[in-house]
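# A structural walkthrough
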Amino acid sequence: MVINHIGFIMDGNRRLARRFKFNPTKGHELGAEKLKQVLEWCRDAGIKEVTVYALSAENINRPKIEVDFLFNLFKKEFEAFKKDRRIFDNEVRINVIGDLSLLPDDVSLRMREIIKLTENHNKYIINFAIAYGGRDEIVMASKRIAKDVKKGLLAIDQINKEMFAEYLYLSSEPDLTVRTGGEIRTSNFLNYQSAYSEWFFIDKMWPEFEKEDFDDILIQFSKRKRRFGK
Ligand code: FPP
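Residues numbered from 1 in each chain as written. Predicted model: local features only at pLDDT ≥ 70, side-chain atom pairs only at ≥ 80, totals over all residues. Heavy atoms only, no water.

## Re the pairing of strand S2 (residues 49-56)
The following threshold applies: Burial classes: relative accessible area under 20% of the type maximum marks a residue as buried, over 50% as exposed, and values in between as partly exposed (1.4 Å probe, protein chains only). In this text, helices come from DSSP runs of H or I with a minimum length of four residues, and strands from runs of E with a minimum of two, each type numbered from the N-terminal end. Two strands make a pair as long as DSSP finds a minimum of two bridges between them.
Across the eight residues of S2, eight count as buried, placing the element largely inside the fold. Judged from the seven bridges that link them, S2 and strand S4 (residues 124-132) form a sheet pairing that is parallel. Residue pairing for S4: Tyr53 is matched across the bridge by Ala129.

## A closer look at the sheet that holds strand S3 (residues 92-97)
Under the convention used in this document: Axes, fitted as lines to C-alpha atoms, cover a helix only where it is in contact. Angles between the N-to-C directions of the axes lie from 0 to 180 degrees.
One open sheet accounts for six strands, arranged S3-S4-S2-S1-S5-S6; its pairing is parallel. Looking along the sheet, the strands with just one partner apiece sit at the ends: S3 and strand S6 (198-201). On average, adjacent strands in this sheet sit at an angle of 20 degrees to one another, irrespective of strand direction. Where strand S5 (residues 176-179) meets S6, four bridges bridge the pair, whose relative direction is parallel. Counted as the bridge partner of Val178 is Phe200 from S6.

## Brief notes about the pattern of salt bridges
Quick reminder of the rule: The term salt bridge refers to a side-chain nitrogen of Lys or Arg lying within 4 Å of a carboxyl oxygen of Asp or Glu.
Throughout the structure, instances matching the rule amount to 25 salt bridges. The closest approach of N and O atoms between Lys116 and Glu119, which form a salt bridge, is 3.0 Å. We classify Lys116 as exposed; its relative accessible area is 55%. Between Lys204 and Asp213 there is a salt bridge, with its nearest N and O atoms 2.9 Å apart. The exposure class of Asp213 is buried, given its relative accessible area of 15%. Residues joined by salt bridges that share partners form a network here, namely Glu79, Lys82, Arg110 and Glu113.

This is the structure in structure tokens:
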């Protein structure tokens, strides 16, 4: 079964750090390193699109010291992408989905730069969900649709599921979504897009996620019968 798009909820960074008596922020650093490995596994498996939950809109209310650490980590990572041959040699397009206005300007600027630099890449796509909330996204799309109706650009009868998706930050749908960290919930991630996603919940913390876990998920996915409600 072909996988075009996979989603990851990268949960458990702080719990892993605490287990080893590290500062919780160290968990996020390990998480960022793990993400780079996982992206290579996805590429090698021929998966064209990956969406990762890097910061929920709600996460922004965590203690300032942690949120500032994450903002700095994003800044550093997005700056490094500009010089990362892997992004250019593999023609990876980088998107950020979420409310960038919630981020400090120096962080969102780095994101806009890499989005622009990679906008014509078509081989692979990485969507970073940052300052993202699935319900916020649906509300945002509804408002944009209402505005277009008001302006006369759109008739109410033209609104359907496919065109609604075009108003979201992301219209493509993950074939499967993986959540590490042992919690069995979807936490406002791609609510609209994951309606028919196959979900996998893994007990390991995100930095502990290994290639054998990934391979096992791909095997399990290939055995699932996707019926899309039919
Ligand atoms: C959830 O674990 C993880 C986050 C809130 C941050 C995830 C961010 C990264 C992995 C870095 C992304 C890297 C780039 C390149 C943008 P948690 O803190 O909720 O862990 P817990 O469940 O143990 O508390």
